[in-house]
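# Observations on chain architecture
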Amino acid sequence: MTTRTDWQAQVGRTWAENYHLTDRSFSGLTQRLLERIRDCAGKAVLDVGCGAGELTLAVARARPHARVIGVDVSAELVAAARGRGDLLGNASFVEADAASWREPGFAPDLLISRHGVMFFDDPVAAFANLYDQAAPGAQLLFSCFRSPLENPWASDLAQLLRLPPAADPRAPGPFAFADPAHVEAILEGAGWQAVACDPVDFAYVASTGNDPVAEALDFFKRIGPAAAMLRSLEGEELAEAVARITNWLEEHRSGNLIAFGAAAWLVSARKG
């Protein structure tokens, strides 16, 4: 379970410090999102849960006449995004909860998110707020993970560390939207129409450096399902866990690259 409070504290801080690594791990998915919106209208674009701003800034560069706003609950991530985008006059970032945030006079005709919408406490209310502020005919497109079993970078790590399964698989967190029927019910309950969940696969890149195993190990110590568990271990328990993960990473190494298959949904909808 990953909550708004987590993103405003340790999780958000860690992602802000390592945004170049998370951008790399999601680079294939970012490209798929950009391809899907290439032919969409969008002069007022809202990036929900924008993180450190990679998708927001890519859209702003591709649409120099559009106004693009990224919203995130993490002050550290918003600060990182502002630092990256200070030369782009048509992009701005707001520290706020998209579940309730609105800006007077801003009615987005394109709403996007790269894995930023699975953490709402009340997702129906959050998507209803997005629907209410959107322009008539607005398009919504976001990505979210499919099931953990289809994402071995997560399920294998959980098995290696003997992590218990989530008590509530629909609780706020990376895999909260794994069930497409659940996602459709949320969006339709919020008023969105023509909901579609299209499966996409991409390479989740953990390292590309000269010592890929050590770099991937360091990555998973900071980001993902192993991070909190590894921070809680010490002594022999920590050494054993690190050894198991190291062997697993060696098995997935291809030269200087360590990457895993990753599975996501591209979810689209529109406002009538």
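Each remark here, short or long, concerns the structure printed above.
### As for the nonpolar core
- Counting 49 residues, the largest nonpolar core has Trp153, Phe202, Tyr204, Phe220, Ile245, Leu249 and Phe260 as its most contacted members.
- The next biggest cluster of nonpolar side chains, apart from the first, holds 41 residues, and it includes Ala16, Val183, Ile186 and Trp192.

### Comments concerning the side chain of Ser155
- With respect to the secondary-structure elements, Ser155 resides in helix α8 (residues 152-160).
- In this structure Ser155 comes out as buried when scored by relative accessible area, which is 16%.

### A short note on the environment of Arg63
- Along the chain, the position of Arg63 falls in the loop between α5 (54-62) and β2 (67-72).
- Separated by 18 residues in the primary sequence, Arg63 and Val45 have C-alpha atoms spaced 9.7 Å apart.
- Within the local environment of Arg63, its side chain forms a polar contact with the backbone oxygen of Ile37, the two atoms lying 2.6 Å apart.

### Some points on the environment of Ala107
- Relative to the helices and strands, Ala107 is located in the loop between β3 (91-95) and β4 (110-114).
- Residue classification places Ala107 among the partly exposed residues on the basis of a relative accessible area of 38%.
- Each C-alpha atom, one on Ala107 and one on Gln133, is 5.6 Å from the other, the two residues being 26 residues apart in sequence.
- In this structure Ala107 touches Ala44, Gln133 and Ala135, once residues within four positions along its chain are discounted.

### A few points about the packing of α8 against helix α12 (residues 235-251)
- Where α8 contacts α12, the two axes come as close as 10 Å, and the packing angle between them is 145°. In the packing of α8 onto α12, the handedness of the crossing is right-handed. Residues Pro152, Trp153, Asp156, Leu157 and Leu160 of α8 lie in contact with α12, whose contacting residues are Arg244, Ile245 and Trp248.
- Among the residues forming the contact of α8 with α12, the class breakdown is six nonpolar, no polar and two charged.

### Let's talk about the packing of helix α4 (residues 27-37) against α5
- As a packed pair, α4 and α5 sit with axes 11 Å apart at the nearest point and diverge in direction by 40°. Our pair here, α4 against α5, has a crossing hand that is right-handed. Residues Thr30, Leu33, Leu34 and Ile37 of α4 touch α5, and the partners they reach there are Glu54, Leu55, Ala58 and Val59.
- Among the residues making up the contact of α4 with α5, the classes are represented as six nonpolar, one polar and one charged.

### Section: a negative patch on the surface
- Judged by side-chain charge, Asp211, Glu215, Glu250 and Glu251 come together as a negatively charged surface patch.
- The topology assignment puts Glu215 in helix α10 (residues 212-222).
- Given the relative accessible area of 35%, Glu215 is considered partly exposed.

### Side note on the packing of aromatic side chains
- One pass over the full model with this rule turns up 19 aromatic pairs.
- Judged by centre distance (6.4 Å) and plane angle (35°), the rings of Phe127 and Phe177 are tilted. Taken together, the residues span a long stretch of sequence, with Phe127 in helix α7 (residues 123-133) and Phe177 in the loop between α8 and α9 (180-189) at a distance of 50 residues.
- A relative accessible area of 3% places Phe177 in the buried class.
- Through a chain of ring-to-ring contacts, the aromatic side chains of Trp15, Phe26, Phe145, Trp153, Phe175, Phe202, Tyr204, Phe219, Phe220, Trp248 and Phe260 assemble into a single cluster.

### As for the environment of Leu29
- Checked against the element boundaries, Leu29 lands in helix α4.
- Here Leu29 falls in the buried class, since its relative accessible area comes to 0%.
- Leu29 sits 175 residues away from Tyr204 along the chain, and the two C-alpha atoms are 8.8 Å apart.
- With sequence-adjacent residues up to four places away left out, Leu29 is seen in contact with Arg114, His115, Ser143, Val200, Phe202, Ala264 and Leu266.

What counts as what
- Each chain has its residues counted from 1, running along the sequence as written.
- In view of the model being predicted, local features appear only for residues whose pLDDT reaches at least 70, and side-chain atom pairs are presented and counted only at 80 or more, with totals across whole chains, interfaces and linings using the full set of residues.
- Neither water nor hydrogens contribute to the side-chain values; these are computed over all heavy atoms in the structure.
- Here, nonpolar core means buried Ala, Val, Leu, Ile, Met, Phe, Trp, Tyr and Cys residues that are tied together by side-chain atoms lying within 4.5 Å of each other.
- Relative accessible area decides the class of each residue, using a 1.4 Å probe on protein chains only: under 20% of the type maximum gives buried, over 50% gives exposed, and in between gives partly exposed.
- Secondary structure follows DSSP: runs of H or I at least 4 residues long count as helices, runs of E at least 2 residues long count as strands, and numbering of each begins at the N terminus.
- A 3.5 Å cut-off defines polar contacts: any pair of N or O atoms within that distance qualifies, except that in protein one atom must be a possible hydrogen donor and the other a possible acceptor, and neighbouring residues in sequence count only when both atoms are side-chain atoms.
- Should any heavy atoms of two residues lie within 4.5 Å, those residues are counted as being in contact.
- Angles here are taken between N-to-C directions and fall from 0 to 180 degrees, while the axes themselves are lines fitted to C-alpha atoms, restricted in helices to the stretch in contact.
- Take the far helix as the reference: if the near one is turned anticlockwise from it by less than a right angle, the crossing is left-handed, and if turned clockwise, right-handed.
- Only Asp, Glu, Lys and Arg are considered charged in this grouping, and only Ala, Val, Leu, Ile, Met, Phe, Trp, Tyr, Cys and Pro are considered nonpolar; every other residue, Gly among them, is considered polar.
- A patch consists of residues whose relative accessible area exceeds 30% and which take part in no salt bridge; residues with like charges are grouped when within 9 Å of each other, and nonpolar side chains (Val, Leu, Ile, Met, Phe, Trp, Tyr) when within 5 Å.
- Per-residue and other accessible areas follow the Shrake-Rupley method at a 1.4 Å probe size, with only the shown protein chains counted as cover for residues.
- Each salt bridge in this description consists of a side-chain nitrogen of Lys or Arg and a carboxyl oxygen of Asp or Glu lying within 4 Å of one another.
- By the counting scheme adopted, Arg and Lys are positive, Glu and Asp are negative, and His together with the chain ends is not counted.
- Charge coordinates come from a single atom per side chain, which is NZ of Lys, CZ of Arg, CG of Asp or CD of Glu.
- Planes of paired rings set the category: under 30 degrees apart is stacked, over 60 is edge-to-face and the rest tilted, where pairs are Phe, Tyr or Trp rings (Trp by its six-membered ring) whose centres lie within 6.5 Å.

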